[in-house]
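Survey of secondary and tertiary structure
In case you want the letters, here they are:
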Amino acid sequence: FFDHNKTTITMTSKPMCRSPRTATAILLAFLIVACFDIIPSASSFTQPSPITPTAATTFHQKKVASFTINSRDANLPRLDTNNRQSASSLHAVGGAAVTALGVVGGSAAAIALPSLKTVSLACLVPTLSGFYKSEYGVSYAYGAAMTATSILILKSLISASTPLDSIAAVHATAIMFYGTRLNLFLAYREIFLPRFRHMRERIEDRAKSRGSRLSRTPFIVSCAALYAFLATPLLVTSKYCADVSMKTCAGNSGGTIWNLVRAAVVATWGGFLIEAWGDLAKSVGKARQGEDALITGGIFRFFRHPNYTGEIIGWVSSCIAAFLSVAATNGFKSLSVWKSMAPSLVACVLGASGISFVLTTATAGLESRQLEKYGDTEEYKDWVKKSWVGFQMAKSTNEVEEEEESNEEGGDSPATSED
């Protein structure tokens, strides 16, 4: 498990792979999958829906250009020439659905989103830094992978003259904010707080004691896969929401669901902002009060672990936005579309559930350590009564015993870095 907010790794007591040949084979397999686009449903993103001018249609007593699009986009509310109104007239032309579609910036361009090959490599390359320093694979690599994928998608959206207030652009910007802020925060701690540098070296020494650098391959590949899964919702919303404004469009077909998509994207931003606020508040608080201080002010009045809670809210909301965007565009009866998108949606669930498992487990561990360290103080007791612990997963007896044994051996935990 990894905890990037605390720059901490808790690894299994035995190497996941002792054979260099096996480790190399796993890495090569991931590279082959990435390079040849054999990941399921890659074609969903590599080939944009064909958009060609066909006829003029009347919409709200005005003439707007009409285009032939893929049938799965038939019910999608679109922006008009002012990037605000949405089309509702549907016409059958040569077996394809035709919708009244506003021309953004005077022309409509098909969006060529980055392929899953590109996204996979964007997540894998920074994670390879874990071979150099084990901790880098789950800290800087995490932020770099999210920043890189969001920039790639934003570049595609901007190239297609997508409005910056579109759902897709706002969603991508949220992920870019998350990755960029995370790496800046980690760099600040490593540069200005010596104890984090010392902790990183202890983590590296422990990783070396478990085997060669090559034995880290399964762990590194699994991290890269998780990052790719976390980026998948961006591909889905960019496919279906590229020209749908974040502003409410009540009265349009599927308007209620589209408003839910917007709410999910707003919640994504909200979660990541809560996390950022928590990291900032704890850093400032400990700088003023001392490293052993219990921070209970500011956002910590409401959340005992705002960085964990906020991040869970952000990633789960991102996943929900992907599902809702497919539902808003195609409804719930178009089984063929849902089947074609199933692999991508499964990847979204794997990403959200994977990171949630890591964070809820970390929350439970931090909660127990805070109880042990501050439990006898009145300040802690009063704080617990008034604040929310967030999402946590109960630890088994074996996990608690293993953690205590790790701490006795000089292992690192979130408590050593923050509390």
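In what follows, the accompanying structure is described. Every value quoted in this text rests on a predicted model; they were computed, and no experiment measured them.

Parameters and conventions
- Residues numbered from 1 in each chain as written.
- Predicted model: local features only at pLDDT ≥ 70, side-chain atom pairs only at ≥ 80, totals over all residues.
- Heavy atoms only, no water.
- Helix = DSSP H or I, 4+ residues; strand = E, 2+ residues; numbered from the N terminus.
- Expected span 1.5 Å × (residues − 1).
- Buried < 20%, exposed > 50% of the residue type's maximum accessible area, 1.4 Å probe, protein only.
- Polar contact = N/O pair within 3.5 Å; in protein donor to acceptor, adjacent residues only side chain to side chain.
- Patch = residues over 30% accessible without salt bridge, like charges linked within 9 Å, V, L, I, M, F, W, Y side chains within 5 Å.
- Areas by Shrake-Rupley, 256 points an atom, 1.4 Å probe, with all protein chains shown as cover.
- Salt bridge = Lys/Arg side-chain N within 4 Å of Asp/Glu carboxyl O.
- Core = buried A, V, L, I, M, F, W, Y, C linked by side-chain atoms within 4.5 Å.
- Phe/Tyr/Trp six-rings, centres within 6.5 Å; stacked < 30°, edge-to-face > 60°.
- Lys NZ or Arg CZ within 6 Å of the ring centre and 35° of its normal.

Every α-helical turn comprises 3.6 residues, leaving residues that sit three or four positions apart pointing alike. With 25 residues, helix H9 (residues 306–330) extends 36 Å between its outermost C-alpha atoms, agreeing within 8% with the 36 Å of an ideal straight helix rising 1.5 Å per residue. Extensive coverage of H9 is indicated by the burial of 21 of its 25 residues. Of the residues trailing H9, Gly331 is marked for its positive phi of about 75 degrees.

Moving on to the environment of Ser120. Structurally, the position occupied by Ser120 is in helix H3 (residues 116–127). Relative accessible area serves as the criterion here: at 5%, Ser120 is assigned to the buried category. Polar contacts involving the side chain of Ser120 include one to the main-chain carbonyl oxygen of Leu116, which spans 2.7 Å.

A cluster of nonpolar side chains, contributed by Tyr188, Ile191 and Phe192, occupies part of the molecular surface with about 340 Å² of accessible area. Following the sequence through the fold, Tyr188 ends up in helix H5 (residues 167–192).

Counting residues in each nonpolar core, the largest one holds 63 residues, and the members touching the most others are Tyr142, Met146, Leu157, Ile167, Tyr227 and Trp315. Going through the elements one at a time, H3, helix H4 (140–159), H5, helix H7 (217–240), helix H8 (255–289), H9 and helix H10 (335–374) are the ones with two or more residues in this core. With 11 residues, the single largest contributor to this core is H7. If you look at the next biggest cluster of nonpolar residues, it comprises 11 residues, including Ala281, Leu294, Ile295 and Tyr380.

Once that is clear, we can look at the packing of aromatic side chains. Considering all chains together, one arrives at 13 aromatic pairs under this definition. Judged by centre distance (5.5 Å) and plane angle (40 degrees), the ring pair of Tyr188 and Phe192 falls under tilted. Here Tyr188 pairs with Phe192, and both are found in helix H5, just four residues apart, close to one helical turn. Looking at Phe192, the relative accessible area reads 56%, which means it is exposed. On the numbers, 6.2 Å between centres and 10 degrees between planes, the contact of Phe332 with Trp338 is stacked. When the ring centre of Tyr132 is taken as origin, the NZ or CZ atom of Lys133, which lies over that ring, is 5.5 Å away.

What follows deals with unusual backbone geometry. Notably, Ser161 is not glycine yet its phi reads approximately 60 degrees, a positive angle. What makes Ser161 partly exposed here is its relative accessible area of 36%.

What follows covers the pattern of salt bridges. Considering all chains together, one arrives at 11 salt bridges under this definition. We note a salt bridge from Arg200 to Glu201, for which the minimum N-O separation is 2.6 Å. Here the salt bridges share partners, and the residues they tie into one network are Lys133, Glu190, Arg200 and Glu201.

Function cannot be read off these values alone, since they describe shape.
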